[in-house]
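Fold and geometry: a report
Residues per chain are reported as follows:
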Amino acid sequence: MTVPFESPGFDKLVLPPNMEGLLDTALVPADELNAKHRDTEKYYVVGHPDLFVRVNRGENPEDVGVSLDSTSVLRGRGINVLPYKMLEHDGQAYVVTKRVEGVDLLETLKTNPTAELLANVDQTWTALLGAESDARESGLRMPADIDSAGQYMLGTIGGDSADQAPKLWLVDLPVLSFDISDNYFANIILLMANNVV
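Residues numbered from 1 in each chain as written. Predicted model: local features only at pLDDT ≥ 70, side-chain atom pairs only at ≥ 80, totals over all residues. Heavy atoms only, no water.

1. Some words on the side chain of T108
Selection criterion: Helix numbers and strand numbers start at the N terminus; a helix is a DSSP run of H or I with at least 4 residues, a strand a run of E with at least 2. Two residues form a contact once any of their heavy atoms are found within 4.5 Å.
With respect to the element layout, T108 can be found in helix 5 (residues 105–111). Setting aside chain neighbours within four positions, we find T108 in contact with V103, P113, L117 and L154.

In structure tokens form, the structure reads like this:
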């Protein structure tokens, strides 16, 4: 049985009516991505080139849903979080997102760091620091493991207009989130500063 988890007011992602069947029959491993990041299985969807599927085996779907919803603090600061829907299917949390057409941010920074891209990165990491502060002050949960350049891509998603400029997208959606207390806050800021450096 597949149970949808909604992310209130955010995801405009419309899934095919046969998405449950597609999870069983149409997933093709994204081998080049799975080789880089082994914790999350990643899949393309046959017949739906605009969709991408992620699954973390063994994670509690309810916990994953809470962590995905914690991205609201990021969206509140203008960070581009991929539209998503989470489906609980056969006891696993499948996160379906739009597929980004573009390039890995870390690779782009190594090979072609234009002034415009560097300004965009600076704006995004400033927003990440602001989101950490917002979460702490408002008692919100903060998504974990979202502050490395390797978790972002520069590109477009299905639905973008043909002349729309590529954006930085957080593509590594979190399966963990946490409450920011005084004990964690300084460590998180230090980790983020190290990632920026």
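2. Focus: the sheet that holds strand 9 (residues 152–157)
To be explicit about the condition: At least two bridges found by DSSP between two strands is the condition for calling them paired. Orientation is described by lines fitted to C-alpha atoms, with helices fitted over the stretch in contact, and by angles between N-to-C directions that extend from 0 to 180 degrees.
Pairing is antiparallel across the open sheet formed by three strands, whose spatial order is 7-9-10. Looking at which strands have only one partner, the edges of the open sheet turn out to be strand 7 (100–104) and strand 10 (167–170). Taken over all neighbouring pairs, the strand axes of this sheet differ in orientation by 45° on average, direction set aside. As paired strands, strand 9 and strand 10 are joined by four bridges and run antiparallel to one another.

3. Considering helix 6 (residues 115–138)
Inclusion rule: Here the expected span of a helix is defined as 1.5 Å times the quantity of residues minus one. For the exposure calls, accessible area comes from a 1.4 Å probe over protein chains only, and a residue counts as buried if that area is under 20% of its type's maximum, exposed if over 50%, partly exposed in between.
A rise of 1.5 Å per residue sets the reference length of helix 6, with its 24 residues, at 34 Å; its end C-alpha atoms lie 34 Å apart and thus fit the reference within 8%. Regarding helix 6, the residues found buried are L117, V121, T124, W125, A127, L128, G130, A131, E132 and A135. One or two positions beyond helix 6, positive phi appears at G139, with a value near 70°.

4. Considerations on the pattern of salt bridges
Put simply, the rule is: Any carboxyl oxygen of Asp or Glu within 4 Å of a side-chain nitrogen of Lys or Arg constitutes a salt bridge here.
Throughout the structure, instances matching the rule amount to seven salt bridges. The salt bridge involving D50 is made with K98; its shortest N-O contact spans 3.7 Å. Remark: K98 occurs in strand 6 (residues 92–98) and D50 occurs in the loop between strand 3 (41–45) and strand 4 (51–55); sequence separation between them is 48 residues. Residue class for D50 comes out partly exposed when judged on its relative accessible area of 32%. Look at K98 and you get buried, because its relative accessible area is 16%.

5. Quick notes on unusual backbone geometry
One non-glycine residue, D90, adopts positive backbone phi at about 55°. By the element assignment, D90 lies in the loop between strand 5 (84–89) and strand 6. The phi dihedral of D145 falls on the positive side, at around 60°, and the residue is not glycine. Inspection of the secondary structure puts D145 in the loop between strand 8 (141–143) and strand 9.

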